[in-house]
Amino acid sequence: MKLRKKIIAGNWKMNKTISDAQELAASIKLELAECREVDVVLCPSFTALKTVSDTISDSSIKLGAQNMHWEPDGAYTGEISASMLRDLYCHYVILGHSERRTYFGETDAIVSHKVKAALAANLLPIVCVGESLEEREAGRTEEVIQTQVENSLTGLAAELKRVIVAYEPIWAIGTGRTATPEMAQDVHAFIRRVLTGLSDAETAETVRIQYGGSMKPANAAELLAKPDIDGGLIGGAALDARSFVEIVRHGM
Ligand code: 13P
């Protein structure tokens, strides 16, 4: 048996009305309802979670959210808690996406709170890290990634096994500019070394590390063939059933 099962997740971001989301989920289910070789996850917007949840309920496809608050309940206007997501049969939640870090001021400390709250509620967090173009060009990629991984995933001990890390270089998101498989592999292997430092080698070997950033059918096979690339977090290409399904098939 493979040490790490690949996980391919579609991050639909702020796209799709309820009916569009239902249609997309249904088209994906037609092809992947019985998929067991790869963990397939759909992450629609909050408004479409219920519909997508109902659509995929009789399949092996799992539901994820794109964000959550760390408090269990209370006066936090506009926010959504982990238990609310569990109520909708969410299994996963994306945390610390670069768009949340850049546009909504999420810090590693906030991400760390959210990761702990997600795990406590039995949601599997997909924790995003990644450097900007400026940071890469200044030779600071490893330093930036190490800080993000250590500070977002501090104090988890054995719980680290339930975390999924997504390496998403900011310069590759939505730009059509993908990291080469070698560039991505180097950073993934580095992330695994940082995870080893946070726990131990055995735990770090079990953590799945997804690549995200302009992943598409044409480049997925090469990326997914790398030893430390355990899946993908797909944006644009996940909005089209055919391209998403094709990427999943490259992971089988
Ligand atoms: P794109 O696949 O559109 O580059 O987006 C990647 C991403 O941000 C997924 O979370």
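Structural notes, computed from the coordinates. Residue positions within a chain follow its written sequence, with the count starting from 1. Under the rules for a predicted model, residues below a pLDDT of 70 receive no local features and side-chain atom pairs below 80 are neither given nor counted, while totals for whole chains, interfaces and linings still include all residues. Hydrogens and waters are ignored; side-chain quantities use all the structure's heavy atoms.

The criterion for an aromatic pair is that two Phe, Tyr or Trp rings (for Trp, the six-membered ring) have centres within 6.5 Å, with stacked assigned to planes under 30 degrees apart, edge-to-face to planes over 60 apart and tilted to the rest. For the coordinates displayed, the defined rule picks out two aromatic pairs. Relative to Phe 104, the ring of Tyr 103 has its centre 6.4 Å away and its plane inclined at 90°; by these criteria the two rings are edge-to-face. Of the two residues, Tyr 103 and Phe 104, both sit in the exposed class. Accessible area is worked out with a 1.4 Å probe on protein chains only. A residue is then buried under 20% of its type maximum, exposed over 50%, and partly exposed in between.

What follows deals with helix α8 (residues 181-198). Taking 1.5 Å of rise per residue, the 18 residues of α8 would be expected to cover 26 Å, and the 25 Å separating its terminal C-alpha atoms lies within 8% of that figure. Residues of α8 that are buried: Pro 181, Ala 184, Gln 185, Val 187, His 188, Ala 189, Phe 190, Ile 191, Arg 192, Val 194 and Leu 195. Strands are runs of DSSP state E lasting at least two residues, helices are runs of H or I lasting at least four, and both sets are numbered from the N terminus onward. Every helix has an expected span of 1.5 Å times one less than the residues it contains.

Once that is clear, we can look at unusual backbone geometry. Excluding glycine, residues mostly have negative phi values, and the peptide bonds linking residues are mostly trans. Positive phi, close to 80°, is recorded for Lys 16, a residue that is not glycine. If you trace the backbone, Lys 16 turns up in the loop between β1 (7-11) and α1 (18-32). Notably, Ala 157 is not glycine yet its phi reads approximately 50°, a positive angle. With respect to the helices, strands and loops of the structure, Ala 157 is situated in the loop between α7 (141-152) and β6 (164-167). Residue classification places Ala 157 among the exposed residues on the basis of a relative accessible area of 57%.

Throughout this document, a residue counts as near a molecule or strand when at least one of its heavy atoms sits within 4 Å of that molecule or strand. Asn 11, Lys 13, His 97, Glu 168, Ala 172, Ile 173, Gly 174, Gly 213, Ser 214, Leu 233, Gly 235 and Gly 236 make up every residue found near the ligand. For this analysis, a polar contact is any N or O atom pair within 3.5 Å, provided that within protein one partner can donate a hydrogen and the other can accept it, and provided that sequence-adjacent residues contribute only side-chain to side-chain pairs. One of the side-chain nitrogen or oxygen atoms of Asn 11 is found 3.0 Å away from an oxygen atom of the ligand. Gly 174 is positioned such that a nitrogen or oxygen atom in its backbone is 2.6 Å from an oxygen atom of the ligand. Only the protein chains shown count as cover for residues, with accessible areas throughout obtained via the Shrake-Rupley method and a probe of 1.4 Å. When the ligand is considered free in solution it has 310 Å² of accessible area, and contact with the protein chains removes 95% of it. Amino acids outside the nonpolar list (Ala, Val, Leu, Ile, Met, Phe, Trp, Tyr, Cys, Pro) and the charged list (Asp, Glu, Lys, Arg) are all regarded as polar, and Gly is one of them. Across the shell around the ligand, the residue classes break down as three nonpolar, seven polar and two charged.

It is worth spelling out the nonpolar core at this point. Note that soluble globular proteins tend to have their nonpolar side chains buried in a common cluster. In these notes, a set of buried Ala, Val, Leu, Ile, Met, Phe, Trp, Tyr and Cys residues joined through side-chain atoms within 4.5 Å is what counts as a nonpolar core. Leu 153, Ile 191 and Leu 195 are the most contacted members of the largest nonpolar core, which has 66 residues in total. Looking at this core element by element, the count peaks at six residues for α8. In contact with Ile 191, other than residues within four places in its own chain, are Val 129, Ile 145, Val 149, Val 165, Tyr 167 and Ile 209. Ranked by size, the runner-up nonpolar core spans eleven residues in total, among them Cys 43, Ile 94, Ile 126 and Cys 128. Note on contacts: a residue pair qualifies if any of its non-hydrogen atoms lie within 4.5 Å across the two residues.

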